[in-house]
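Here's the letter readout for the chains.
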Amino acid sequence: MAFMQRTSLSKKNIAGEILVRLPSVIIMAISWFLSCKETLPSPGFSNSDKVVHFVCFGGLTFFWTFWFSRKKWISNPIRYFIITVAIVSIYGVVDEIHQSFVPGRECSFFDWLADTTGASAGVLFRLFLIKKIFREKESSGQ
């Protein structure tokens, strides 16, 4: 009976692990799909595409941070900052190169720079939340 409970619990853990990682995969798929389009609607202000890159890659990276446990982020934030930003930044390079093959699109260093800057912001936001939650748990005695 105890074995069945452990198996059930581990299936719950696996499902949870998949669910926290799923948004990053979905965002990457949507991003890739949109990269295949010749044109995309623009918010209509100067350099708006850089803002879109920053926000989208910031969100993507925020969700990528969930591939690593909170314990890992607390124990070595710089290491996981570098790993996570590197993964998303490399995806940004691949995405920019991919766009160069789409008619009407181009490969842009400045788009990649916005991607990487957004990625850094996404990680910093997650670190902020982790530290805030960690402080609240410490102060409440949990």
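Residues numbered from 1 in each chain as written. Predicted model: local features only at pLDDT ≥ 70, side-chain atom pairs only at ≥ 80, totals over all residues. Heavy atoms only, no water.

**Student:** Would you mind showing me how to read the overall build of the protein chain here?
**Tutor:** Scanning the protein chain for helices and strands turns up five helices and zero strands. Burial statistics for the protein chain: of 142 residues in total, 28% are counted as buried. Taking the contacts inside the protein chain whose residues are at least 6 apart along the sequence as the reference set, 76% of them involve residues at least 24 apart. A total accessible area of about 9400 Å² is found for the protein chain, and carbon and sulfur atoms account for 70% of it. (Helix = DSSP H or I, 4+ residues; strand = E, 2+ residues; numbered from the N terminus. Buried < 20%, exposed > 50% of the residue type's maximum accessible area, 1.4 Å probe, protein only. Contact = heavy atoms within 4.5 Å. Areas by Shrake-Rupley, 256 points an atom, 1.4 Å probe, with all protein chains shown as cover.)

**Student:** For this particular structure, what's the right way to read the packing of aromatic side chains?
**Tutor:** The final tally for this structure, using the stated rule, is 12 aromatic pairs. Geometrically, the ring pair formed by Phe68 and Trp73 is edge-to-face, given 6.4 Å between the ring centres and 75 degrees between the ring planes. The burial state of Phe68 is the same as that of Trp73; both residues are buried. Within the aromatic cluster, the residues linked to one another by ring pairs are Phe62, Phe63, Phe66 and Phe125. (Phe/Tyr/Trp six-rings, centres within 6.5 Å; stacked < 30°, edge-to-face > 60°.)

**Student:** Just checking my understanding: could you explain the layout of surface pockets for this structure?
**Tutor:** Taking a probe equal in size to a water molecule and rolling it over the atoms shows the remaining empty space. Considering only enclosed or pocket space, the largest pocket measures out at about 620 Å³ in volume. Lining the largest pocket we find 26 residues, and of these Leu40, Asp49, Val52, His53 and Arg105 sit closest to its centre. For the lining of the largest pocket, the secondary structure elements donating two or more residues are helix 1 (2-35), helix 2 (48-64) and helix 4 (77-99). At nine residues, the largest contribution of residues to the lining of the largest pocket is made by helix 2. (1 Å grid on protein atoms, 1.4 Å probe; cavity = no way out; pocket = protein on both sides within 12 Å on 5 of 7 lines; lining within 4 Å. Points joined across faces, edges and corners; volume = space filled by probe spheres on them.)

**Student:** Help me understand the pattern of salt bridges, please; the structure alone is not making it clear to me.
**Tutor:** Opposite charge on two side chains allows them to pair when their charged atoms are near. Summed over all chains, the structure comprises three salt bridges. Taking the shortest distance from any N to any O, the salt bridge between Asp49 and Lys50 comes out at 2.9 Å. Its relative accessible area of 23% is what places Lys50 among the partly exposed residues. (Salt bridge = Lys/Arg side-chain N within 4 Å of Asp/Glu carboxyl O.)

**Student:** Please clarify how the confidence of the model for the protein chain should be interpreted in this entry.
**Tutor:** When pLDDT is averaged along the protein chain, the result is 88, and 89% of the positions lie at 70 or above. At the level of individual helices and strands, the protein chain shows its lowest average pLDDT in helix 1, which scores 80, and its highest in helix 4, which scores 97. Predicted confidence is poor over residues 1-7, with pLDDT under 50, and the contacts of this stretch with residues over four places away or in other chains come to zero contacts. (pLDDT = per-residue confidence, 0-100.)

**Student:** Quick question: what am I supposed to make of the nonpolar core here?
**Tutor:** Within soluble globular proteins, side chains that are nonpolar tend to cluster in buried spots. Grouped together as the largest cluster of nonpolar side chains are 13 residues, with contacts concentrated most on Phe57, Leu60, Trp73, Val88 and Val123. For this core, the elements supplying multiple residues, two or more each, are helix 2, helix 4 and helix 5 (109-140). With near-sequence residues (within four places) excluded, Trp73 lies in contact with Thr65, Phe68, Tyr80, Phe81, Thr84, Val123, Arg126, Leu127 and Ile130. (Core = buried A, V, L, I, M, F, W, Y, C linked by side-chain atoms within 4.5 Å.)

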